[in-house]
Each structure stands twice: as C-alpha cells, then as structure tokens.
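# Structural description and commentary
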Amino acid sequence: MMNWNLYSRGDKFFAIMVSILIGMFTVATLYPFIYIAAVSFSSGFAAQAGKVVLTPIDATLEAYGYILKDPQFWISYRNTFIYTIGGTVMSLAFIIPGAYALSRPQLKGRRFFNLFIAFTMWFNAGLIPFFLNMRDLNLLDSMFGIILAFAVNAFNVILLRNFFEAIPKSFEEAARMDGANDFQVLWKVFVPLSKPAIATITLFCIVSRWNGFFWAMVLLQSEDKIPLQVFLRHTISNLSDDDEFAIVQTAAGFSAETVTAAIIVCSIVPVLIVYPFIQKYFEKGILLGGVKE
Amino acid sequence: MTVQEKERPLSKSEVAISDEHSATIGPFEAAVEHLKREWQLYLMLLPMIIWFAVFLYKPMYGLQIAFKDYSIFRGIAGSPWVGLEHFETLFANDQFLRAIKNTITISALNLLFGFPAPIILALMFNEVLNASYKRTAQTIVYLPHFISSVIIAGIVITAFSPTAGIVNTVMGWFGLDPVYFLTQPEWFRPIFIGTGIWQEAGFGSIVFLAAIAGVNPSLYESAVVDGANRWQMMWKITIPSILPTILIMLIIRIGNIMEVSFELVILLYQPATYETADVVNTWIYRQGLQSGQYDLAAAAGLFNAIVAFVLVMTANTLSRRFSRTSLW
Amino acid sequence: MSGVVLSKIVKKYGALQVVHGIDLRIDPKEFVVLVGPSGCGKSTTLRMIAGLEAITGGALTIDDRVVNKVAPKDRDVAMVFQNYALYPHLNVADNIAFGLRIRKVPKAEIKKAVHEVAEILGLTDYLARRPSDLSGGQRQRVAMGRAIVRHPKVFLFDEPLSNLDAKLRTQMRAEIKRLHKRLGVTSIYVTHDQVEAMTLADRIVVMNQGVIEQIGTPMDLFNNPANRFVAGFIGSPPMNQLHGFLEAGDSGPLAQVGRIKVKLPKSESLRHETGRPVILGIRPEHVTVNEVPGSFPINVNLDLVETLGSEALLHTDFDGMSFVARVETLGDVGHLTGVDTLHVRPDLMKLFDAETGRSLSLEAGA
Ligand SMILES: Nc1ncnc2c1ncn2[C@@H]1O[C@H](COP(=O)(O)OP(=O)(O)OP(=O)(O)O)[C@@H](O)[C@H]1O
Ligand SMILES: [Mg+2]
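Predicted model only: the values in this text are computed from it and were never measured. (Residues numbered from 1 in each chain as written. Chains lettered and ligands numbered in written order. Predicted model: local features only at pLDDT ≥ 70, side-chain atom pairs only at ≥ 80, totals over all residues. Heavy atoms only, no water.)

Okay, the interface of chain B and chain A next. On the chain A side, the residues contacting the 94 residues of chain B number 103 residues. The contact between chain B and chain A buries some 9,300 Å² in all, and 77% of this surface belongs to carbon and sulfur atoms. Our enumeration of links across chain B and chain A arrives at zero salt bridges. Seen at the junction of chain B and chain A, the total is 23 residue pairs in polar contact (both at pLDDT 80 or more). Residue contributions to the side of chain B that touches chain A peak at 22 residues, all from helix 3 (residues 27-62) of chain B. A per-class count over the side of chain B that touches chain A returns 70 nonpolar, 17 polar and seven charged. (Contact = heavy atoms within 4.5 Å. Buried area = accessible area lost by both parts, 1.4 Å probe. Salt bridge = Lys/Arg side-chain N within 4 Å of Asp/Glu carboxyl O. Polar contact = N/O pair within 3.5 Å; in protein donor to acceptor, adjacent residues only side chain to side chain. Helix = DSSP H or I, 4+ residues; strand = E, 2+ residues; numbered from the N terminus. Nonpolar A, V, L, I, M, F, W, Y, C, P; charged D, E, K, R; others polar.)

Residue and element names in this part refer to chain C. In the vicinity of ligand 1, the residues found are Tyr13, Leu16, Val18, Ser38, Gly39, Cys40, Gly41, Lys42, Ser43, Thr44, Glu159 and His192. Taking Cys40, its main chain carries an N or O atom lying 3.2 Å from an oxygen atom of ligand 1. For ligand 1, an oxygen atom lies 2.5 Å from a polar atom in the side chain of Ser43. Relative to its unbound accessible area of 630 Å², ligand 1 is 59% covered by the protein chains. Listed by contribution, the elements that provide at least two residues to the shell around ligand 1 are strand 2 (16-26) and helix 1 (42-50). Of all the elements, helix 1 adds the most residues to the shell around ligand 1, at three residues. (Near = heavy atom within 4 Å. Areas by Shrake-Rupley, 256 points an atom, 1.4 Å probe, with all protein chains shown as cover.)

With that out of the way, let us pick up a nonpolar patch on the surface. Residue and element names in this part refer to chain A. Judged by side-chain polarity, Trp4, Phe13, Ile16, Met17, Ile20, Leu21 and Met24 come together as a nonpolar surface patch covering roughly 680 Å² of accessible area. Within the element layout of this structure, Ile16 appears in helix 1 (residues 9-40). Residue Ile16 is classed as partly exposed on the basis of its relative accessible area, which comes to 43%. (Patch = residues over 30% accessible without salt bridge, like charges linked within 9 Å, V, L, I, M, F, W, Y side chains within 5 Å. Buried < 20%, exposed > 50% of the residue type's maximum accessible area, 1.4 Å probe, protein only.)

Next up on the list: the sheet that holds strand 17 (residues 311-318) of chain C. All names here are of chain C. As summarised here, the arrangement of the three strands in space is 16-17-18, forming an open sheet in which the pairing is antiparallel. Two strands lie at the open edges of the sheet, namely strand 16 (301-307) and strand 18 (321-328), each paired on one side alone. Ignoring which end each strand starts from, the neighbouring axes of this sheet average 20 degrees apart. Where strand 16 meets strand 17, six bridges bridge the pair, whose relative direction is antiparallel. Each residue of the ladder has a partner; that of Leu304, found in strand 17, is His315. (Pairing = 2+ DSSP bridges. Axes fitted to C-alpha atoms, helices over the stretch in contact; angles between N-to-C directions.)

Residue and element names in this part refer to chain A. Running from N to C, helix 8 (residues 154-166) and helix 11 (residues 195-211) cross one another at 170 degrees; their axes reach a closest spacing of 9 Å. Classified by the angle their axes make, helix 8 and helix 11 are roughly antiparallel. Counting all contacts with helix 8, which are made through Phe155, Asn156, Leu159, Leu160 and Phe163, the residues of helix 11 involved are Pro196, Ala197, Ile198, Thr200, Ile201, Phe204 and Cys205. Taken together, the residues that form the contact of helix 8 with helix 11 break down as 10 nonpolar, two polar and no charged. (Parallel < 35°, antiparallel > 145°, perpendicular 65-115°, else oblique.)

This part covers the confidence of the model for chain C. Low-pLDDT stretches of the model should not have their predicted coordinates read in fine detail. On average, chain C scores 89 in pLDDT, and the residues at 70 or more come to 96%. Here the complex is predicted with pTM 0.87, and the ipTM for its interfaces comes to 0.90. (pLDDT = per-residue confidence, 0-100.)

Residues and elements named next belong to chain C. Taken in spatial order, the four strands make up an open sheet running 2-1-4-5, and their pairing is antiparallel. Here the strands that pair on one side only, and so sit at the sheet edges, are strand 2 and strand 5 (65-66). Strand direction decides the pairing type here: strand 1 (residues 4-13) and strand 2, joined by eight bridges, are antiparallel. Each residue of the ladder has a partner; that of Val10, found in strand 2, is His20. Together, strand 1, strand 2 and strand 4 (57-62) form the strand contacts of helix 1, whose direction differs from that of strand 1 by roughly 115 degrees.

We now examine the domain arrangement of chain C. All names here are of chain C. For chain C, the assigned domains are domain 1 (4-231) and domain 2 (237-365). Relative to domain 2, the C-alpha centre of domain 1 lies at a distance of 38 Å. Taken residue by residue, the interface counts nine residues in domain 1 and 14 residues in domain 2. Where domain 1 meets domain 2, there are zero salt bridges. Here domain 1 is connected to domain 2 by five residue pairs in polar contact (both at pLDDT 80 or more). Elements represented by at least two residues in the side of domain 1 that touches domain 2 include exactly helix 7 (218-223) and helix 8 (228-233). (Domains from an automatic or database assignment.)

A separate point is the side chain of Arg276(C). In this fold, Arg276(C) is placed in the loop between strand 13 (260-263) and strand 14 (277-282). The contact partners of Arg276(C), leaving out residues within four places of it in the chain, are Gly244(C), Phe245(C), Leu246(C), Asp353(C) and Leu360(C).

What follows concerns the pairing of strand 8 (residues 186-190) of chain C. Residue and element names in this part refer to chain C. The buried count for strand 8 comes to five of five residues, which makes it a mostly enclosed element. Neither face of strand 8 is left uncovered, since the one carrying Thr186, Ile188 and Val190 and the one carrying Ser187 and Tyr189 both have all their residues buried. As paired elements, strand 3 (residues 31-35) and strand 8 share four bridges and run parallel to each other. Along strand 8, the bridge assignment pairs Leu34 with Val190. Across five bridges, the pairing between strand 7 (residues 154-158) and strand 8 is parallel. Within strand 8, the residue paired with Phe155 across the bridge is Ser187.

Residues and elements named next belong to chain B. Residues with a pLDDT of 70 or more make up 91% of chain B, whose mean pLDDT is 87. Here helix 1 (residues 2-7) is the element of chain B with the lowest mean pLDDT, 44, and helix 7 (residues 116-127) is the one with the highest, 95. Contacts from residues 1-6, a stretch scored under 50 in pLDDT, to residues over four places away or in other chains number eight contacts.

A few words on unusual backbone geometry. All names here are of chain C. The amide bond that connects Ser236 to the next residue, Pro237, takes the cis arrangement and shows omega of -5 degrees. Secondary-structure assignment places Pro237 in the loop between helix 8 and strand 11 (240-248). Residue Lys8 is not a glycine yet carries a positive backbone phi of 50 degrees. Within the secondary structure, Lys8 sits in strand 1. Despite not being glycine, Tyr84 has its phi angle at roughly 70 degrees, a positive value. Its place among the elements puts Tyr84 in the loop between strand 6 (77-80) and helix 2 (92-102). Judged by relative accessible area, Tyr84 falls into the buried class, the value being 6%.

Below, the discussion takes up the environment of Glu311(C). All names here are of chain C. Residue placement: Glu311 occurs in strand 17. A relative accessible area of 21% means that Glu311 is categorised as partly exposed. Considered as a pair, Glu311 and Val333 are 22 residues apart in the sequence and their alpha carbons are 8.9 Å apart. What Glu311 contacts, discounting residues up to four positions off in sequence, is Glu306, Arg326, Val327, Glu328 and Thr329.

Take the pattern of salt bridges next. All names here are of chain C. With the rule as written, the count across this model stands at 23 salt bridges over all chains. Across the pair Glu175 and Arg141 runs a salt bridge whose closest N-O atoms are separated by 3.3 Å. Of this pair, Glu175 sits in helix 5 (residues 166-183) while Arg141 is found in helix 4 (residues 136-148), placing the two residues 34 residues apart along the sequence. By relative accessible area, Arg141 is classed as buried at 17%.

Any space left empty among the atoms is revealed by the rolling of a water-sized probe across them. The final tally for this structure, using the stated rule, is four cavities of 30 Å³ or more. Its volume calculated, the largest cavity comes out at about 80 Å³. In this structure, the largest cavity is lined by 13 residues; those nearest its centre are Ile148(C), Phe155(C), Phe157(C), Leu179(C) and Leu183(C). When contributions to the lining of the largest cavity are tallied by element, the ones reaching two or more residues are helix 4, strand 7 and helix 5 of chain C. The element contributing the most residues to the lining of the largest cavity is helix 5 of chain C, with four residues. Tallied by class, residues from the lining of the largest cavity come to 11 nonpolar, two polar and no charged. A volume near 60 Å³ is recorded for the second largest cavity. Lining of the second largest cavity is provided by Ala174(A), Met177(A), Asp178(A), Ala78(C), Met79(C), Phe81(C), Ala143(C), Arg146(C), Ala147(C) and Arg150(C). Breaking the lining of the second largest cavity down by element, the ones donating at least two residues are helix 9 (169-177) of chain A together with strand 6 and helix 4 of chain C. Residue contributions to the lining of the second largest cavity peak at three residues, all from helix 4 of chain C. (1 Å grid on protein atoms, 1.4 Å probe; cavity = no way out; pocket = protein on both sides within 12 Å on 5 of 7 lines; lining within 4 Å. Points joined across faces, edges and corners; volume = space filled by probe spheres on them.)

Below you can see the structure in the form of structure tokens.
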C-alpha cells in the first residue's frame, strides 16, 4: 500500500515530520523511567540538589543497599508474588470453567446468567458496602481474602466467553463423539484452542495483581501481609516527612529521592522482564474483549 | 412393485418401540433429563455465580445502609431506617458538592485533552513507514499502561519535587523560581491530566490502529491514482473511516464520566489541593473508610453509582445505534 | 434385527418441526446416503443418530438397543465432520488417538491402533505433523482415521468432501468406497451432491422438507422416481417435466402435451381418467437428435447450446415449456445449431399426477 519511492516530495516531508514527532513522544514516554533510574544510582546529595538529569551523578548503590537491607522490602516483595500467582490461578480457576459454561448454547438460563454477570460492569455498589461485606465475611487483613475477593471480573469472563463462542461447534461435538465429557472437552480441546485469549486474561490478571494497591492498603493491616505497592507507598510518604530519616541520610550517600527511585526501579524490573512476552497478546486481547453482547 | 421391498417398511415391533418412546414428556421430566445430561456445565458455572453473588451482589444488598442509621453493632439489617436523611446531608455538604464538581471538571478536561491524544497518535503511527521504528515506538508507548499508580505517583512526586525534581531543575536553567507543584491547587489538574495522557495515550491508540488497519486498502490505492497526497488521504479516507470507532470510544468516555481514576488522585493529592483534586470517590474514601461514617458515604456511593449507571446505559444504547453491536 | 432403525423420528426446535416422523432401516454393513436440498433436515437426522441433537419423538435403535437417551459416546458411532474438526494443537497421531486416550485404552494398544489406521489411510509419514501442515485430502483422511480407529458400529459422515476441490473429491470418494468395502462398517452419509450419492450408496434416501421422498438403489431412483421431486432432484440436468392432460385414445390412454399426443402404455388405472392433469417426465439423456427405433419427433425452438465436450445440452422451447436435451456431439457442435426437431421415446417416459406429484407409472404397475 505504502511505497516510499512513489511518495511525492510533500509526502516524504510529511512522513519524516510524523516520524520525528513520534520519536519525540516516545522519548518523552521513556524519559521519566530513565530519569528515575538515574536518580536511583545517584548520590543522595546530587539528587537532592536537583543535579540529576539523564545519567547518574556520583554513581552509587547506596540507595539500593538501604532498601535491600530492609526486611520489609523482601516480605512485601514475596507477598506480591503470592498475590500475583495465587490471584491469577484463582482467577483462571473461576473464569475458564464459568466462561465455558456460559458459551454453551445448551445451558439453560444462559441469557439470565450473562446478564447477571454483565450487570456488574454497569452497576457497582461502591467502596463502602464492599468493605463492610469483606468485614462481615471476616476477610479483613487476610491474604486469602485479597486473593479471593478480586478473582473475577466481568470483562475477562465476557472476553473468554466470546472467544469460546467463536470456536466451531464441531470441535465440541467431535470430542463428545470421541467420548469426552464437559470437563475433558474444556481441558483437552477448548483450553488449548484458546491459548491467545487465556494468555490475554492471564496477562490482565497478572498486571492488575502486581499493581494492585488501593484495596490492599484498605483491607490489610499487618505489615507481614502487605504487597510491594503498599510498602512502596508507605516508604515514599514516610521518607518525605520523616525527620529521623533526614538525619540518617545526611551521613549516608542516599536521600529520600534516591531511595524512592530505587524502590520504583526494583518494582518495575519484573514488569520489564515480562513485558516483551506479553506484548504480542495484549494488542489482540483488548480488541477481543469489547465487542458484542 | 419392487419399490415396496426396497423401502423395507418397519416391522410391527419396531413401530411399537417407537410408540413407546414418542410419548411427549412433561416439562419437569424434561428438566430432569436435561440436568442429567448437562450437570457438568452447571457445576462449572456454579463457583463463578456464587462468587458474583457473594462479592458483587451481596454488597448491593448492603447499599440499604444509605437509608439507615448504620451502626456496626446492630448490623445492616438491624439498623433503623432514616429515609433520605443522608441524602439531605450530602447535598447540604459543600465538600461533597465540590467533589462532584471536581469529578466532572477533571473528566471533562480529560475528555478534551486526553481523548484526542490516542487518535492523533494512531494517525501518526499510520504514517510511519519504517516497520521496525514503528514497532519499537509502539512497544515503548504502550509500556506506561502497565505501571502501577503507586509508581506513577512516585515518579511524579520525584520529578516535581521543589528541590530535587527535574522539572524545577529545568525551570532553574531558565531563571524561573522553583514551584512546589503538588501543593498548589491550580497545578493539580494539569499534572493529573498530563500524567494520564503520558500513561494511557499509547495504549489507547491500539483500538484506533486496529480500526485503521480495517480500512479497505483499495480506497488508498484509488486515492493514489487520483493523485491525493498522504495528508489528504488522512483527512479524506482514514479519519472518515475510523469515525464510527471514534464516536463509540467517545460515547464510552462520556458514559464513564463519574469514573476518575481515584487511586491516582489519592496518591497525588493532599489537603492543600483538595480544592481542585478531591473527587467523589476520594471523598467517600475519607468519609467512610477513614472517618467511619459508613452510612453517609454509602449514600454518596449510591448516588454516584446510579448516575454512572444511567450514563453507561445511555452510552450503551447510543453506541448500539451507531455500531449495531453493543459494547459488552 | 440388528442395524440402525429410525422409526417415526421427529425433531422439533421449539415449535418449529424440521423432521416429520421418518422411518428408515439400515442393515448392517450397508452404505446409505441421505440426499436432499439444503435445509431439508439431512444433517439434523444424522446428528440425531449421532446423539448430538436430542430426539423429539420416535425411536432410534442401534443393534436392537433403543438409544434415544444414550449419550453420543455410548452409542458406539463415529462421525466425520464437514470441517473435519481436527484439533489444531495435536499432531496427526494424537488426533487419531484422542478418542482412545479419553477412553483410557492402554498406551501400547493405542499406538498399535494408530499405526494400523495410518497404514490403511496412507498417513504413516505424516503422523508427527500438525493438521495445519497437511493438504485438504490428508486432513480428510485424518478425520476418517479418527473415526476408524475406534472400530465403531456405525460411521456417520456429514458432507465430508464438500471442502475439497473437484478433483480431490472424486479421488476421496473412491477412497471412501474402498474403505467401506474393506471395513464393512454400516455407514450413513449426508451430501447434497448427487454424484456422490449415486456412486457411493447401496441405497439412497431422498429427503425434502423433513420427510423422506423415496428410498432406493441409485439406479432405482434414476429409473423409477416415485414422484416429481425425486425426478427433478436425481439426474443432471433434471428430468424435463411437461404439463398436459390425460385423454382416451382409440387403443389406450394418451397424454396431450402441447400440440402432441403421446401414447401411453396400456393401463387399467388410467382408462377412466380423461382430462386429469398430468406431468410427462422425459430425461434429457433420453432425447436424441436423430430418429431411433420407437421414437417419435417433436418440434422445438432451439434457444441455446451448451457444450460439455463429448455431450452438449440443448436448451429448447417446446410449446412454451422449457425442454432440455443432452445429446452426443460426436466431436462437433456445428450440426446442433440448426436443430428444430428432437426425438423422444415413449417407453422411457414417466408420468406423474400433476396434483399430488406422484408417479402414475408406479401406481399403474402395482
Ligand atoms: N438449532 C436450530 N434451531 C432452529 N432451527 C434449526 C436449528 N438447526 C437447524 N435448524 C433448521 O432445521 C432445518 C434442517 O436443517 P439441517 O441442518 O438438517 O439441513 P441440511 O439438510 O443438513 O441442509 P444443508 O444441506 O444446508 O446442510 C433447517 O431449516 C434449519 O434451518
Ligand atoms: Mg447439513
């Protein structure tokens, strides 16, 4: 469709301008990350004086030394892994069989069940009743509570259901003739056939679990249960108005800014490692979801 | 003739078997029959349905405390009804009214600046010829979407710090005095909206890029034959072709006007900026979860949910009209 | 009595009835083909036999067991689907083995069975490939392998060849026939391709709008269609159907069709039917350009000549009714362009009641 050689001068100029603009936006997107990384490796003094722009000034690992020595950092890091893995497994355990059932025309009351699930996307009881419900269920300050209470969301269910619905009926029928029951049809045929959709949902689950903050902050009190994001938040807000810390840091080579930046780097790294693997799925995934009732 | 023989009519016993089985079965029997056949499907569905009932529908039952004088000790059912008292309090509360105003203002600004950004980005991506350049740029601009609000807030706080932040450093180069951005009410909204664009414009462009990819290539080919340049093609072909998508996304955005990402607000605002930053959900959070006024906060939540519901349903109906397929 | 027996089988989707009580007995080892126009209920019938659709009324027995409420997997039938439904994530061997694995057949046995089947179908070299790396014909074979490997009592085919190109279809058709000879398993085959039906079937079942129009051997259906529908459905191009009336002649009944009178075979039942509207059926193949013994000429206006190679189709107009002849070209169509007279043989004609559409010749013979 597009061929550089066929472009007129004006078109070439236009294409080059656009490429430059895109480049600028890309750099602008990337810059904050570079800046934070640079701060994290700079000396506390340099960071505080606002000297860091692009590369570390007076490069040092002291900020990292400070947080890596903090046992709470490791505890919350571990907790985040527990929430992410446990939560994702829990989500899939609910969503895959549920979406399969909803996708089968032979399910009686299918319209009702679909509406039952879709309605929760349009109407939400809100923060307070949800919180009180968690309290009534005795799930406050409970790791299991966090894993369970955010396991399902209607969007993911509908996404997967749509995908299952698009699988030709003859696959189910062939498996049935071969002697498979519903569980076997799902596990041996539909799940392998739906890898892209399941990967997308897994990705959404992982990302939302890894990043989950608000409810973890509200529902969890014990320090040994909080995830990384809550720890990060605590550290950021404590560092900026903690007099004791101010005294400690003048002697050391780090500052509130460099420590904050170091924690940010530590919690982004796993995302960056996984990101290339997930990228090919989410583009398809978000398009998969939105359409059709 | 021989045909009779070839058709091989059924024997008496075979006909008898048929009569035995053709008796129509009643609805109850049919239901039992169906369950016997398909019980596994219902078993698969059950956990998810229970989950929705327990975690999303049961709180809806709990919403009744919006009309009650709720006390923890008496519980939801045991607390006495007070009618619309909480709603009267709410609408006499300046802070709540301010939160509504802030919510709508922030959403409107977001619509004005945040909505066109991914469209422009997608149109620009479409003009980039070098595939690997395009790919790399896309990979990078999608990334911030996957970063948590806490980190985003951490980055913003660091970058806008009055002494150490890069923003003030750069301003210093031009001889400007440092500004403590995050304590200034007039700076909250620009920073919040700007952060939103930085985080979501790239990811939001995926939908529009897909729409652009769906445009019939022969339209461009015939435009080339007609001597149109790229700029004209963008305005005459690409934009009109993706207009339905733009319209639908716009409708969705309008439907979600009550949904400001309050997690980021909580992370970025402070009492000094409540004036411009406090939105309905952050207000509910402080009243309910921090001050323990559950019933009043639940009333605010109910109000918010009903307005949101009406907006979303309206948006859905509208988009159905535009696209013939509803959005979820 | 073993085999597959359908008795008064009815299918309703809600209030809509699509199969209206069909009776059919299929003997062991028989190859029966269901044909009919699109939407006539062939697939529905087949799927009821498979157990993929619930049977609304009537009884289905397989080897003397009523299986109306038996799950598909317990009916001991296997099915080949139109789109093959090969599992794309499994290789050929695993596709074939799928059913045996589900049934927990011991591993060694599975391996042996898969190799046997692969041998029969010439798939031995492809066992490790994914379906996406196979040609259409190979996929088709894998689909059959999956059915064969279980040694079912009945094979069901739902238009298994319709996704193949014409040449491959001919080839696979022969292969299915050979396979049936070799394995001797009762087979029920759905198609709307009458050539497939004619070549494969021991018996053909012609369906229309949820009822059976006629059951018979291929030649039977061709020579003695029970009614106008079958006459029009079997044979290509379809039988010419000319409207006319019965008349009493001096030496027996006549059919007045257009300007000509056709002498009918003597028949008791037709004697007193003067004035009854009838349809005269003449197969295009039974029309000649030149006179043959026993034929008589009719005048036609030639409309169009379609050349098929060794034969040509003459589209003509006979007294306002369209009339098609399939004639030999003898390597040259030039001599056909001026045709204004065609020859037909009364002994090969069929007569149908214009109101009921039923064959009168058959009634007469009975
Ligand atoms: N699930 C269904 N609900 C309602 N009607 C149906 C359903 N499935 C099939 N039908 C109807 O039943 C009739 C018979 O369908 P069937 O699939 O058996 O036709 P067919 O003879 O196999 O046609 P084709 O040659 O096109 O495959 C059709 O009119 C069809 O519309
Ligand atoms: Mg069919």
